[in-house]
Each structure stands twice: as structure tokens, then as C-alpha cells.
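# Observations on chain architecture
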Amino acid sequence: MAMGVVDVMMVGRLPDSAAALGAVSVGTSVFYTIAIFGGSLMMALDTLVSQAWGAKRIDECHRWLWSALALSIPVIPLVMAAVWAGSLSLGWFGVNPAVLDKGRSYVQILTFGVPGLFLYFALRRYLQGIGRVRIVTFALVSANVVNLVGNWGLIYGRWGLPAMGTDGSAWATVGARFYMAAVLAAYLVYIERRDGHGLFAGRMHVDMARMKRIVQLGGPAAIHVGLEMAVFGLATVLVARLAPEILAAHQIALNLASLTFMVPLGISAAAAVSVGHRIGAGDYEGAGRSGWLAIALGAAFMSLAALVSWLAPQAVARLYTDNSRVVATSVGLLAIAALFQLFDGLQIVCSGALRGAGDTRTAMLCNLVFYWFVGLPAGYALCFWAGWGAVGIWIGLCLGLMLIGSTLLWVWRQRVAEFRRQAVAAAA
């Protein structure tokens, strides 16, 4: 996500800043809506690898990784084709002509980074499932340096490189994604040679039954993430029908909300792994405690983030652009973003805790019902029928998110009660 922040900030300094920001906004939304949906199949590894590791079945962890990598082989070209098709469909949504061509080119370049992104997804889920998370942090932090250097050279034409504008930002992101995958792959080879767990011993353990199980568990998780990405992507495309300055302000608010969302997203992954480890070890009481602790941490951080959006919206907007019209429009959107950040943190951490327990369907259903049948229609009506513009879209999204967060919190509470009953039964 920091890569996206850097991309937005750096293209926001181009002469046509509003159009450039809008192009990156639309392009990023289209790409992530499709690519993250496919890559989220790998979220099944959070449950499968962590529970196997908790039960001390290292061989099972290996088999899940190889099966996930095998599953990626047919999925990658399908996702690349879908992303490319998504770029061609932008004109159908009435995207502002000042943004359309730049946004389409941006998406098409990002398509070439899909293989690296998928390899990174699979290796990251495996490594965090076995508790190896520092290397993931190193890969991400150093990849941001790679992306920053690439942006500086390719957007503005430094060091003898061509000045490619928004296209240069996309190529820098592609290079950074392959770099991340290479770092995790190299580390995996290193720890296997050092510890000798047998990941590369004998034949690679791939079977259709495991691939099917990954799809069964990862499919609802992918649909959940896809629905959430798609609703924000569609919201961005709808806002793109308005003036470029309004779209730029929408992108600033969405970018900030997405950046703060990364913290509870990380806590969500920790919740999934921790709950999975506890369940694999038969410690149901501990699984409940792990989930509640993660939820409390996520809620605390997002409350602080909301205060920043509420108290200093102009200062935040000026980090992205000097355009006074864009800054003024951003202020109202950031105020709404402050309102829903708490519920955004609740819903994603609860989703992670439930995923660790093997439940990926509840979050999917909540996103389908409350985003698509409540939030988005309400936002559309307020934006275009009531004439509230982008503010209307954001109010609708906020409503859907509040309903999702509240429902998932209640579901997790019910699951913890079930854990207690299982603990009592095991003790008896």
C-alpha cells in the first residue's frame, strides 16, 4: 500500500496533476479489484498451513505450499486476461476523457506484474503460516525503496531514463513486485538448506484433492476480498464520471483510508495464524483470547487513525497535491473516512479471526449483502439523484461498512462461545 501512496504522491507533482491522480486512481482500482480477487485464493493457506504447523505437521505445510503454487499456474493467465479486459472496458463507464487513456495504459502495464504478485502471495501466506514474518516485512520495506527509485527515474526521466509520467510509475511497481517474490523465494531456499525440513526433498507434493480444498476454503475468502475491492473500484469508476478534481480528491481519501487499513489487515493476518495455531494444538480457549486481543488492537489503532483524518484533513490532503480545489474537496471526504475507519478495522480483524477458525463464508456473505445491496445503491442515489457527488458515494460505503463490522463482531462472539463449549467437552 505504501507503494500506492508513493505512486500517487509522485504523479501528483506532474503538470497535469488532477488527470494523473485520476488515472492512477482508476487504474489501481481496476487492477486490484481483479488481481487481488485471484490472489486471495492463497488466503486459504492462513488456515491450512497455520493449523498444520500448530499440530506440528511440517510435511503437511509443505504439501499445502506446493499445491498452492500448482494452482497458480492456470490462474495467473486468467487473471492477466481479466485485468487487460478490464482496462478496455473503462470507456463503457463514462470515465472522463482527460483520465481515460492514461488510466487504461496504467492498468495494462500493471498486468505484467501479475506473475510476480501471485508468487509473492503464495510464499507470503506460507511463511506467515509457519511464523516467519520478519522476512516479509524486509521484502516489503525494501521493495518500497525499489519502487521509489523506479518512480523517480521513470516518471520524471532522471539518470538518462525516459520521462514516462504515469506509465513510468506503473513499470516501477511491476519491477518492485517481482523483487518481492524473488526475496521471499531466496529466503525460503536459504532456510530449507539451513534447517532441512524437507521442502525440496523427493517429489513436489501436489494433488488435486489439496488444490480443491484450497479453492473451497480460499474461494469464499477471494470472493469476500473481491467484493470489497470491487465495490470501491466501482465507486471510483462512478466518481470518475465527475470532474477530474473530484476524482483526485476521492483518490486521496481512499488512499489514506487504504493506508491506515493496512495495520488492521496485518493484525487480521496475525489473528488468522494465531487462532489457527491454537486450534491446531487443541487450545480452543486460547483461540478465543487470540481473536479478541487482535480485535482490540485493530479497533484501538483505527480510532487513532480516525482522529488524524478528522482533525487535520487539509494537512493530509496537501501531502498529495498543491491543487487548492482538490484539497478543498478532500476535506469533506476525509471527515467521512474518519467515521468508518473504526468499523473497517473491526470487520477485517474479525474476518481474519474467523478465517483462522476455518470460516471464510460469513465475511463473504456480509460483504455481498451490506456493500452491494445496501451501501452501493445508497451511495449511488445520494451521489447522482440527490446531487451530493462524491460525498454521497462515501456515505453509502460508510453505511455498508458499519453494518459489516457490527455483524462480524457478533458472529465472532458466537464462535468464541462455541470454543468454550468445545474446551469444556475436551476437558470432560
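## Describing the overall build of the protein chain
Looking only at helices and strands, the protein chain features 15 helices and zero strands. Whereas a compact globule of 428 residues would reach a radius of gyration of roughly 22 Å, the protein chain reaches 21 Å, a difference of no more than 12%. Referenced to the eigenvectors of the C-alpha coordinate spread, the extents of the protein chain come out at roughly 65 × 50 × 35 Å. Each of the 428 residues in the protein chain was classed as buried or not, and the buried ones make up 57%. Surface accessibility of the protein chain: about 17100 Å² in total, with carbon and sulfur atoms responsible for 68%. Averaging the coordinates of the 29 positive side-chain charges in the protein chain and doing the same for the 18 negative ones gives two points 4 Å apart.

## What to know about the pattern of salt bridges
Under the definition given, this model contains six salt bridges. The shortest N-O distance in the salt bridge between E60 and R57 comes to 3.6 Å. Across the pair R415 and D359 runs a salt bridge whose closest N-O atoms are separated by 3.5 Å. One end of the pair, R415, is in helix α15 (residues 390-427); the other, D359, is in the loop between α13 (324-356) and α14 (361-385), with 56 residues separating them in the sequence. Overall, the relative accessible area of 12% leaves D359 in the buried class. In this structure, a network of salt bridges that share partners links the residues R57, E60, R63 and R210.

## Section: the packing of helix α7 (residues 134-156) against helix α8 (residues 166-195)
Relative orientation of the contacting elements α7 and α8 amounts to 155 degrees, with a least axis distance of 8 Å. Relative to α8, the element α7 is oriented roughly antiparallel. The hand of the α7/α8 crossing is right-handed. Taken together, the residues of the contact of α7 with α8 break down into 17 nonpolar, seven polar and no charged.

## Digging into the packing of helix α9 (residues 208-239) against α15
Relative orientation of the contacting elements α9 and α15 amounts to 165 degrees, with a least axis distance of 10 Å. In terms of orientation, α9 and α15 fall into the roughly antiparallel class. The hand of the α9/α15 crossing is right-handed. Residue-level contacts link V231, F232, A235, L238 and V239 of α9 to A390, I393 and L397 of α15. Partitioning the contact of α9 with α15 into residue classes produces eight nonpolar, no polar and no charged.

## What to know about the packing of aromatic side chains
Taken as a whole and assessed by the stated rule, the structure comprises ten aromatic pairs. Judged by centre distance (6.2 Å) and plane angle (40 degrees), the ring pair of Y284 and F419 falls under tilted. Of the two residues, Y284 is situated in helix α11 (residues 284-311) and F419 in helix α15; the sequence distance between them amounts to 135 residues. You can call F419 buried: its relative accessible area is 4%. Aromatic side chains Y380 and F384 sit 4.9 Å apart centroid to centroid with 45 degrees between the ring planes, which places their arrangement in the tilted category. Separated by four residues within a single helix, Y380 and F384 lie in helix α14, roughly one turn from each other. The class for Y380 is partly exposed, based on a relative accessible area of 30%. What makes F384 partly exposed here is its relative accessible area of 26%. Joined through ring pairs, the aromatic side chains of W84, F112 and W171 make up one cluster. Across from the ring centre of W64, 4.9 Å away, lies the NZ or CZ of R210, which sits over that ring.

## Digging into the state of the cysteines
Tallied over the entire structure, the rule returns zero disulfides. The structure places no disulfide on C350, whose sulfur is separated from the nearest cysteine sulfur, that of C366, by 9.9 Å.

## Brief notes about the environment of F232
Position of F232 relative to the elements: it lies in helix α9. Put simply, F232 and V30 are 202 residues apart on the chain and 9.7 Å apart in space, counted from C-alpha to C-alpha. In contact with F232, not counting residues within four places along its chain, are L254, Y371 and L397.

## Notes on a nonpolar patch on the surface
Residues V145, V149, W152, W159 and L161 make up a contiguous nonpolar surface patch of about 510 Å² in total accessible area. If you trace the backbone, V145 turns up in helix α7. Here V145 falls in the partly exposed class, since its relative accessible area comes to 49%.

## With respect to helix α6 (residues 114-129)
Across its 16 residues, α6 extends 22 Å between first and last C-alpha, which sits within 8% of the 22 Å expected from 1.5 Å per residue. Counting buried positions along α6 gives 14 out of 16 residues, so the element sits mostly inside the fold.

## Observations regarding the environment of L307
In this fold, L307 is placed in helix α11. Considered as a pair, L307 and Q341 are 34 residues apart in the sequence and their alpha carbons are 9.8 Å apart.

## A few points about the confidence of the model for the protein chain
Model confidence for the protein chain is summarised by a mean pLDDT of 84, while 94% of its residues fall at 70 or above. The secondary structure element of the protein chain with the lowest average pLDDT is helix α1 (residues 2-11), at 73, and the one with the highest is α14, at 93.

Conventions we followed
- Residues numbered from 1 in each chain as written.
- Predicted model: local features only at pLDDT ≥ 70, side-chain atom pairs only at ≥ 80, totals over all residues.
- Heavy atoms only, no water.
- Helix = DSSP H or I, 4+ residues; strand = E, 2+ residues; numbered from the N terminus.
- Rg over C-alpha atoms; globule rule 2.2 N^0.38 Å.
- Buried < 20%, exposed > 50% of the residue type's maximum accessible area, 1.4 Å probe, protein only.
- Areas by Shrake-Rupley, 256 points an atom, 1.4 Å probe, with all protein chains shown as cover.
- Lys, Arg positive; Asp, Glu negative; His and termini not counted.
- Charge placed at Lys NZ, Arg CZ, Asp CG, Glu CD.
- Salt bridge = Lys/Arg side-chain N within 4 Å of Asp/Glu carboxyl O.
- Axes fitted to C-alpha atoms, helices over the stretch in contact; angles between N-to-C directions.
- Parallel < 35°, antiparallel > 145°, perpendicular 65-115°, else oblique.
- Left-handed = near helix turned anticlockwise from the far one by under 90°.
- Nonpolar A, V, L, I, M, F, W, Y, C, P; charged D, E, K, R; others polar.
- Contact = heavy atoms within 4.5 Å.
- Phe/Tyr/Trp six-rings, centres within 6.5 Å; stacked < 30°, edge-to-face > 60°.
- Lys NZ or Arg CZ within 6 Å of the ring centre and 35° of its normal.
- Disulfide = S-S within 2.5 Å.
- Patch = residues over 30% accessible without salt bridge, like charges linked within 9 Å, V, L, I, M, F, W, Y side chains within 5 Å.
- Expected span 1.5 Å × (residues − 1).
- pLDDT = per-residue confidence, 0-100.

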